[in-house]
Each structure stands twice: as C-alpha cells, then as structure tokens.
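# What the coordinates show
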Amino acid sequence: ELKGHNGRIETKVDARRREIRELRQEETPAEHGSDVVLTIDNGVQYIIERRLSEAIERYQADSGMIIVQRAKTGEILGMATLPSFPPEKYGLYPANLWKNIAISRNFEPGSVMKPLIVAMAIERGIINEHTTFEVRAPWFYAGRRLSDHIDPGHYNARVILAKSSNIGTAKIGLEMAKANPKLGFKEYQLLYAAFRALGFGQLTGIDLVGEEAGIVPHYSKWSKLSPTRMPIGQGIALTGIQLCTAYSALANGGKLMRPMIVREIRASEDLDNRDNYVVVKHFEPEVKGRPFSQKTASTVIDLMTSVVEKDARIPGWYGGTGWRARLPSYRVAGKTGTAQIPVNGVYSSTDYNASFVGIYPASDPELTILVTIERPKSKEHAGGDVAAPIFASIAEEIGHYLHLPADKKLLKED
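What counts and what doesn't
- Residues numbered from 1 in each chain as written.
- Predicted model: local features only at pLDDT ≥ 70, side-chain atom pairs only at ≥ 80, totals over all residues.
- Heavy atoms only, no water.
- Core = buried A, V, L, I, M, F, W, Y, C linked by side-chain atoms within 4.5 Å.
- Buried < 20%, exposed > 50% of the residue type's maximum accessible area, 1.4 Å probe, protein only.
- Helix = DSSP H or I, 4+ residues; strand = E, 2+ residues; numbered from the N terminus.
- Contact = heavy atoms within 4.5 Å.
- Expected span 1.5 Å × (residues − 1).
- Polar contact = N/O pair within 3.5 Å; in protein donor to acceptor, adjacent residues only side chain to side chain.
- Phe/Tyr/Trp six-rings, centres within 6.5 Å; stacked < 30°, edge-to-face > 60°.
- Lys NZ or Arg CZ within 6 Å of the ring centre and 35° of its normal.
- Pairing = 2+ DSSP bridges.
- Axes fitted to C-alpha atoms, helices over the stretch in contact; angles between N-to-C directions.
- Parallel < 35°, antiparallel > 145°, perpendicular 65-115°, else oblique.
- Left-handed = near helix turned anticlockwise from the far one by under 90°.
- Nonpolar A, V, L, I, M, F, W, Y, C, P; charged D, E, K, R; others polar.

### Brief notes about the nonpolar core
The biggest cluster of nonpolar side chains holds 112 residues, and the ones touching the most others in it are Leu116, Phe195, Tyr360, Ile369, Phe391 and Ile398. Among the elements that make up this core, the one with the highest residue count is helix α10 (residues 383–401) (nine residues). Leaving out residues up to four positions away in the same chain, Ile398 has contacts with Val44, Ile47, Ile48, Val68, Tyr360, Leu367 and Ile369.

Spelled out as structure tokens, the structure:
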C-alpha cells in the first residue's frame, strides 16, 4: 500500500546523453503510494514507550511490553516493546530483536488467567459469585502439591481473585473440567471450549506480520493435573495481544473484538497537501465472538475491582494483590500475575514474568492496558510489585490525555 509503482520513460538522447524531448516514445507517470492511517495515538505511544524504558532500566529486565486497547472497538492506541532497534539500521541488530513480542512471543500468563476462568465458570452456570471453595494449603491433587498464600478458609470468587488464590482457582477449574451432560460436554471439554471461546490457540487477526497463535493443548492430551494448572496460567501459552483482547471482552460487555491496528487507507496525488485525499478502504470494528453475556461481564468487572480498590470484604490492610495499581481519578478492575518461567522443562524459582492487566474506568470501561515485564532482576518480581505500579504510572496520564471522565472521588485514603 505504501510503496506505489515506478514510472517509466523511454526516450532518445544525443551524443552528450541529453534527452531529445520530441523523440520521447513512452511516458508512464509514477503512482504515489497510499497513506496507511493507524489506530496508534502518538501521545499514548509516547507515554508508554517512556515508562517502559524507565521500567526496563529500573528492574534490569530482559524485555517488556505494554499494550493499550480501546475496549469497545478493539483499536490499539499504543503498543510498546523492548528491547527494540532503529528500523533504518535493522541489519546491524540480531534477528531476534526484529520480532514484535506483543504478538509473536508465547508465554505462560500466570494468575492473569484467573478472572477469565471465573468468568467462563459463571457464564456456564458452574459457579456464581457467592459460591465458596475451601482453601487450605498445601493442597495435593493427582500426587502434586499446590501452595497458596491466603489464610485457610472458605472463599468466594471475589476473595479468590483479590488474593489470587491458586487453590481456589484450581478447584473452579476442576468443576469446569467435569463431564456436563446437561450442556453436552464430556470430561475436560467444557474447560477446553472456554479457552477456545476466549480466542486462545488461535490468531486474533491483527494486521501485523508474525502473529503467533499461542499454545493450548487439545484436551485429549491433558493429564489429570492439567485442569488445576491451566486455570492458574500454567501449561498454556498466550501472546500479549490475545490476553489484552480477552480482557477487553470483559470490558466490552462480553464481545470479543478483532484487535485493530489500521483505521483506513488513503490515496492522494497531491503530496503537498495530504488533507486532499480519497479513502481507499476504511476498517470498522469487528466482533469475533461473544464468550460472555453482559451480565457475566459486569459481574466479573465488579469482582476485579476488589483486586485493586479498597474493599471491606477483602481481608488484610491493603486489600487485594493489585492495590499498587490504584488511580486518583479512576476506579480500576484488574488482575496481577506472577508466572514462573519454564527453563529446561522445569519452572524456575528465580525467573518470572510480572504482569498486570487493568480495565478502567470500571463504572464504564473504556481502556484495557496490559503490562508485562520479563525476568525483572530485583528483590521485587511479583506482578503486584512490578507491573501494577507501571500501570498506575501510565493509566492516570493516559486517561486525562484522552479526556476520560473520572469515576472516582479523590479520597484522602487513596
């Protein structure tokens, strides 16, 4: 679209190589390329690139990504990844840096998977927001141990998400994995169908080269342990764009949108006045599916606010694991994730992906922001400690820049 077409002149010249104009035999003018207008907002892009660069330096991380998506349309307003390279000198840099890791890197998401599983369980009537599960660590299942950091007790989905309970979520996963003749599913099929409905294991269709589909093993290849680990983000791999888009479905009343990066293609013959153009193609938001109902989406957004905002129902002085993502002007629905990175087939005890996904303003969601930092090399490595503060440092600024109406009173305690 950008490059256009070369022109051609066939003519005759004199002995000094000067054209004899009246003997010109063919003249085909060059055609200018079209302009490709992106959904990327320069201001948003500047904010996230600056903050991501500061974070990579502060935590001495291997890499990082930030994606900002308009939830109702799927438009990508900002997409920053590091490390990067100057495009005009790409040949001087190793090929592994040429990839856009936001769309081409598969990674195990960790606990940011949990709200999506809760949402699918509510949607299918497996649980409701008041259903409780006993959490008592350590918990053994299929001969394997699963730890937790929440006090023993019986907890509903709100507390399970706010405290990021592994055991509580694993037990929800087991309920999802049971055979369900009423819904027409055999063992494991319902949970597998939930992952597929969210777009996992499939290309999102974003107009960028090199997108990966993620890794969702077919349920026929699952072990007995799989339904307890995949809901907590282990044994399943996603791309950043898949994860961000799935969260936007919660923010968008349950509609899964195709992520947009191109708004329109314009053709113009007047290079001195680019405002004089013809729209060759205009791209409209596209709904790819509806994994949740409006009611389920609203319920889970409300549950996720307890991860971030102060809530008397959540034990502990600071509340949920995402309290560092609180904003002065906006209520945030979000989730932290701290995923151990597999190294040689074994989960590392030192290498982590620290993530946070936030949706705001929670009362009328407009934006979804994903922050992921790979292998932060500091005492702080959890998503709530690393990624949540990065979210807070950009979300308030972006909200004001885009003139999003505040939905939160400026309380002294916040």
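More follows now that the structure is in view.
### Here we look at helix α1 (residues 42–59)
Given 3.6 residues per helical turn, the α-helix brings residues three or four places apart onto the same face. The end-to-end C-alpha distance of α1, which contains 18 residues, comes to 26 Å, matching closely the 26 Å that a straight helix rising 1.5 Å per residue would cover. Close packing links the buried residues of α1 with β4 (63–70), β5 (76–82), β16 (367–374) and α10. The opening residue of α1, the one whose side-chain oxygen lies 2.8 Å from the backbone nitrogen of Gly43, is Asp41. Phi turns positive one or two residues past the end of α1, at Gln60, with a value near 50°.

### Structural notes on the packing of aromatic side chains
Tallied over the entire structure, the rule returns 10 aromatic pairs. Ring centres 5.5 Å apart and planes at 65° place the aromatic pair Tyr192 and Tyr219 in the edge-to-face group. In this pair, Tyr192 sits in helix α6 (residues 189–197) while Tyr219 sits in the loop between α6 and α7 (226–229), placing the two residues 27 residues apart along the sequence. Relative to Phe391, the ring of Phe356 has its centre 5.0 Å away and its plane inclined at 55°; by these criteria the two rings are tilted. Of this pair, Phe356 sits in strand β15 (residues 346–360) while Phe391 sits in helix α10; the two residues are 35 residues apart in sequence, bridging distant segments of the chain. Taken individually, Phe356 and Phe391 each receive the classification buried, so the pair is uniform in this respect. These aromatic residues form a ring-pair network of at least three members: Tyr188, Tyr192, Phe195, Tyr219 and Trp222. Note that Lys224 overlies the ring of Tyr141, its terminal NZ or CZ placed 5.7 Å from the centroid.

### Description of the sheet that holds β16
Read from one edge of the open sheet, five strands run β5-β4-β16-β15-β14, paired in antiparallel fashion. Of all strands in the sheet, those bounded by a partner on one side alone are β5 and β14 (333–343). Adjacent strand axes in the sheet meet at a mean angle of 10° when their direction is disregarded.

### Points about the pairing of β15
Pairing of β14 with β15, which is carried by 10 bridges, proceeds in the antiparallel orientation. Bridge pairing in β15 places Ala339 opposite Asn353. Hairpin connection of β14 to β15: two residues between the antiparallel strands, including Asn344 at a positive phi of 55°. In terms of strand pairing, β15 meets β16 through eight bridges, oriented antiparallel. Each bridged residue has a counterpart across the sheet, and for Val357 the counterpart in β16 is Leu370. Hairpin connection, β15 to β16: the antiparallel pair is bridged by six residues.

### As for the environment of Ala71
Its place among the elements puts Ala71 in the loop between β4 and β5. C-alpha of Ala71 to C-alpha of Leu97: the two residues are 26 residues apart in sequence and 29 Å apart in space. Not counting residues up to four positions away in its chain, the partners in contact with Ala71 are Ser248, Ala251, Asn252, Met257, Glu366, Leu367 and Thr368.

### Focus: helix α5 (residues 166–177)
Compared with an ideal rise of 1.5 Å per residue, which puts 12 residues at 16 Å, α5 spans 16 Å between its outermost C-alpha atoms and is within 8% of the ideal. Buried residues dominate α5, accounting for 11 of its 12 residues. Taken as a whole, α5 has its buried residues at Asn166, Ile167, Gly168, Thr169, Ala170, Lys171, Ile172, Gly173, Leu174, Met176 and Ala177. Where α5 starts, the residue carrying a side-chain oxygen 3.0 Å from the main-chain nitrogen of Gly168 turns out to be Ser165.

### Brief notes about the packing of helix α3 (residues 114–123) against helix α8 (residues 240–251)
Packing of α3 against α8 brings their axes to within 11 Å, and their N-to-C directions diverge by 45°. Taken together, the axis directions place α3 and α8 in an arrangement best described as oblique. Between α3 and α8 lies a crossing of left-handed hand. Counted together, Pro115, Leu116 and Ala119 of α3 and Leu243, Ala246, Tyr247 and Leu250 of α8 form the full contact between these two elements. Considered class by class, the residues forming the contact of α3 with α8 number seven nonpolar, no polar and no charged.

### Structural notes on unusual backbone geometry
Look at the link from Leu82 to Pro83: it is a cis peptide, with omega at 5°. Here Pro83 shows up in the loop between β5 and α2 (101–104). Unlike most non-glycine residues, Arg375 shows phi in positive territory, near 50°. Note on placement: Arg375 falls in the loop between β16 and α10.

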